[in-house]
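# Examining the three-dimensional arrangement
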Amino acid sequence: MTTVRLCIFQTDYYYEYTECDSVGSRWRVAIPHILGTCSALPTPTRGTDCSFSCAVGEFLEMSAQQCTPCAAGSYSLGSGVRFDQWDTIPAGFTSLATYMDPGPSGEESQACNSSSWTPQGVYLESSRDECTVSLVYAVHLEQQGSVSFSYQYPDNNIFFEFYVQNEQCQEMAQTDDQKWIKLTTNGEWDTHTVNLKSGTNILYWRTTGILVGGKMVKPVLLRNIQIEGVAYTSECFPCRPGWFSSSPGSSSCQPCPRNTSSNKGAASCTSCPDTQYSHEGWSQCKERPPCSEKDYFQIHTACDSEGKTQVMYRWVEPRICEENVTGAVALPPTGEREACPPCNPGYYNTNDSTCFPCPPGTHSDGTSVCEECPAGTEPVLGYEYKWWNVLPSNMKTSCFNVGNSKCDDMNGWEVAGDHIRSGAGGSDNDYLILNLHVPGFKLPTSLAGMTGTEFGRITFVFETMCSADCELYFMMDVNRKSTTVVESWEGSKERQSYTHIMTRNASVSYTWAFQRTNQAQDVRRYISDVVILYSVSVTNVQDGVASACRACALLSQSSQRSGSCIPCPAGFYIDRDTNRCQECPPNTYLSGHHTYGEDACLPCGPGSKSNKEHSRCYSDCSFSHTEHNRTLTFDLSSLSPVASLTIGPSFTSKGTKYLHVFNVSLCGHQGKMAAVCTDNVTDLANKDMGSDSTQFVNSVDSFICQSTIIPADGRGFRMALASQSISLADTFLGATVDSDLDGINARPELFSDNSKGIPDINFFYRSTQATGSCERGRSAVMTIRCNPEKMDHGQLTVPSACPAGTCDGCTFHFLWESGSACPHCTQDDYHQIEGACKGGVQVTLSVWNEPKLCTKGMSLPAKSSAPCEAIALWLKVGVGGGAFLAVLLVSLTFYFWKKNKRLEYKYSRLVMSANKECELPVADSCALAEGEEPEDDVVYSHKPSLLGKLRAIANKQREGDSSESVQLKSSQSERWVWG
């Protein structure tokens, strides 16, 4: 049974305020520490107004209801709370891992159960995978307030957003720049602040990694979360271990200096013993280890008055090792003096071995005095650093530590004669920074009239030697707005060159950042991992120095300023003989950074032409090809509008759904690269940067470009997110039916065979921007195929064997099938059909050959008609000839039949005569008696035909005897007489 006792001491209970009523008032009530054990508690008392708050450094002492300064070793924000200790996730915070893509059956994926925000002592680290992880904190504000936090957000392959919900879980109205967090430079911390309304506010810090390329993302780091508007705090917060507050009424605590430590709530720091050490903000000291080779590094001294330099060795600062113990190594002695390297090109050497830039209008190779450029030439301005005795004045080096924001002002890089190398740093996960500032670009006079896209280029030669997961970043900051990563390299890399082209005239800071490992460690393990930079050159720098001179165009001799350099108009080169401007021949383009001599005008590839300024080659959508004595003419203008191709969805190892979107500008547009890809998240995060810089950093103009899209339904975002926009084709090489051009193979075997008989047209492109994996830059081949079944814009596809459009990551292949890709129709593409003669009229029709493999061009001839006869002449002649032959055949048949009958009769008479022993019958009379009149008429046995009469007359005219069978007609008898 609990004993109830009289509570008369303040240690038996504590005070709290009731909820505010409708008029903004409240009551102070006493609550026992153990419920049900106290009686006679103080009676409730009217409390302060709900809007009451104390100043910073004070807290509300509840017994007197007055603001009281915090004691030393503690701090107060007055009306706010701060979270800056991250050994564990503080009470009230929750880390939630969600996965927005359900499984095949609709179930939730379990792959993200282990993903969370991880405390790392002085900061909180987000998840490194592609899961969506939210850090949630709910706070009730009595008045309008704000939340601010410090963060590092170096990698745009992870999406980082901050938003606020009310107690009904409805998202509060926020602008895009409040919701989407801006990127930061590696190693630097930034602060984000959002205003809050009174009442319940649920705060969300949400990250989602995009591991599309298989590359591990760099996490988001959070520290110093501060919330204002809680109206009052009833107690002060003790300083965390390693920090202290020396005076009462403090609003914050300070870190203990190096080689000191402190416990929680300390008012001062305690020095470490001589055999121990600590870094800034440590809560305890550690024993000093024996010195080793990892604890020192070498440097080259600056040239002395005699032009000598030498190698020296220094301890890594802050020095934590002990050299006077067993097993420790000593600092090596200073090296021998040796001759200094020469000055860099564009500089000259003074008597005290100091290098100075050449005056304007002069040049030097670094080993000789500066000389003026000859007449007809101008200096080639730029930076060319290949000797590293001292750091150039426009370069600086620094070191950033993830936890402490800097490495105690240490140099991140060290010069070493013929190269510059990464320094020791303070720890293995430090960012070692080297920065080069370029105030702007200025094209030489001979190039000032060009309209190309190259204003300058930076080229550097480097090498990395690593035993861990080191990474080198090359970044740039345009107009001091925001730093973006241009390229990065992981692990060891052999000596190689990298070039980046500047396409706009702007002030730029180039940065090299090297990190030995991204894992936080107290022990130095990878001090020997190093990056070496051998040379750096930048062209067309506004205030650069000159290492050489180049020829320029001159005014005519009649001019008063004869001999002065002048800019050539766009598309003109400098004639070698006259030093005058001459226009490039048709269908050639200027190489960009070279205009001297006609060889600067490079010919455009097959099937292409140059634009008016001779700055770029492009396809005007027309193409012709001759084979088998037939010329095929193509008009691809219907394919000129920008087309899009979406590939996917694809899934990462944890199932994140993403799409690849390609935008294609095939031809036309006067050579303008009309395909645009934009990173909308980065664009929103950098909305305040201004249109110029935003366009430069986040938008890609190209003939073919690619973006990676995270669908809105796949991650729970309000809209689809676009990132990793890259150019695949900023140079058009040409169009041909051949499968090879400029070292690029179209690989026709990747697509189905072309069975139409019309050759495919291959459009070849290249991106001149080299990458870590593509030394010559990316390239693309667009295969255009005639397919009448695909009308209008047709259909874009990628090879089934390479679903991402590329098989090697460098060359992309596309197939565009369309009826608009068929050649112009000619007379070979149709045939004519003649109709029957009807009513004296014959109709002729023209019909396309099937299948029809042409478009536009010649139209089908109109239907034609011509007069005709019902019976054709040839038919008439044939019928007449046939009738004549038939009559002749009948006549000949009858003639030979008659003749055959006569022969039969003669034969029968001969047979009869033979039977009578050749006795001839006695004739009645062979002549007429004297004075006897002939009484008998000659009667033919048969009435002769006309033909027979004619033949008989003809026979009488012949010589010799002739016989005719006649019939003698007499009154007595009939006799056959042979004549």
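Residues numbered from 1 in each chain as written. Predicted model: local features only at pLDDT ≥ 70, side-chain atom pairs only at ≥ 80, totals over all residues. Heavy atoms only, no water.

Secondary structure summary: the chain contains six helices and 76 strands in total. Within the chain, the proportion of its 979 residues that are buried is 44%. Partitioning the contacts of the chain with sequence separation of at least 6, the portion at a separation of at least 24 is 66%. Accessible surface for the chain amounts to roughly 50100 Å². Of this, 51% is attributable to carbon and sulfur atoms. (Helix = DSSP H or I, 4+ residues; strand = E, 2+ residues; numbered from the N terminus. Buried < 20%, exposed > 50% of the residue type's maximum accessible area, 1.4 Å probe, protein only. Contact = heavy atoms within 4.5 Å. Areas by Shrake-Rupley, 256 points an atom, 1.4 Å probe, with all protein chains shown as cover.)

To continue, consider the state of the cysteines. Taken as a whole, this structure holds 20 disulfides when the rule is applied. Between the sulfur atoms of Cys70 and its disulfide partner Cys236 the distance amounts to 1.8 Å. When the S-S torsion is -85 degrees, as for the bridge of Cys70 with Cys236, the disulfide is left-handed. Of this pair, Cys70 sits in the loop between strand S7 (66-69) and strand S8 (74-75) while Cys236 sits in the loop between strand S18 (221-228) and strand S19 (237-238), and the two are 166 residues apart along the sequence. Disulfide partner of Cys343: Cys355, at an S-S distance of 2.0 Å. Measuring handedness by torsion sign, the sulfur bridge of Cys343 and Cys355 sits at about -90 degrees and is left-handed. Here the residue Cys343 occupies a position in the loop between strand S29 (338-339) and strand S30 (347-349), and Cys355 occupies one in strand S31 (residues 355-357), the gap between them amounting to 12 residues. (Disulfide = S-S within 2.5 Å.)

Overall, antiparallel pairing links the three strands, which are arranged S2-S3-S5 in an open sheet. Whereas interior strands pair on both sides, the edge strands pair on one side only; in this sheet they are strand S2 (13-17) and strand S5 (45-46). With five bridges joining them, S2 and strand S3 (residues 27-32) adopt antiparallel strand pairing. Bridge assignment links Tyr17 to a residue of S3, and that residue is Arg28. (Pairing = 2+ DSSP bridges.)

Within the open sheet, the five strands sit side by side as S35-S38-S43-S40-S41. Their pairing is antiparallel. Bordering the open sheet on either side are strand S35 (395-400) and strand S41 (483-490), each of which pairs with just one other strand. In this sheet, neighbouring strand axes are inclined to one another by 20 degrees on average, regardless of whether the strands run parallel or antiparallel. (Axes fitted to C-alpha atoms, helices over the stretch in contact; angles between N-to-C directions.)

Cis geometry marks the peptide bond from Glu850 to Pro851, where omega comes out at -5 degrees. Relative to the helices and strands, Pro851 resides in the loop between strand S71 (841-848) and strand S72 (855-857). With a phi close to 50 degrees, Asn224 is a non-glycine residue in the positive phi region. Within the secondary structure layout, Asn224 lies in strand S18. On the basis of relative accessibility, which here comes to 30%, the residue Asn224 falls in the partly exposed class. Despite not being glycine, Asn259 has its phi angle at roughly 65 degrees, a positive value.

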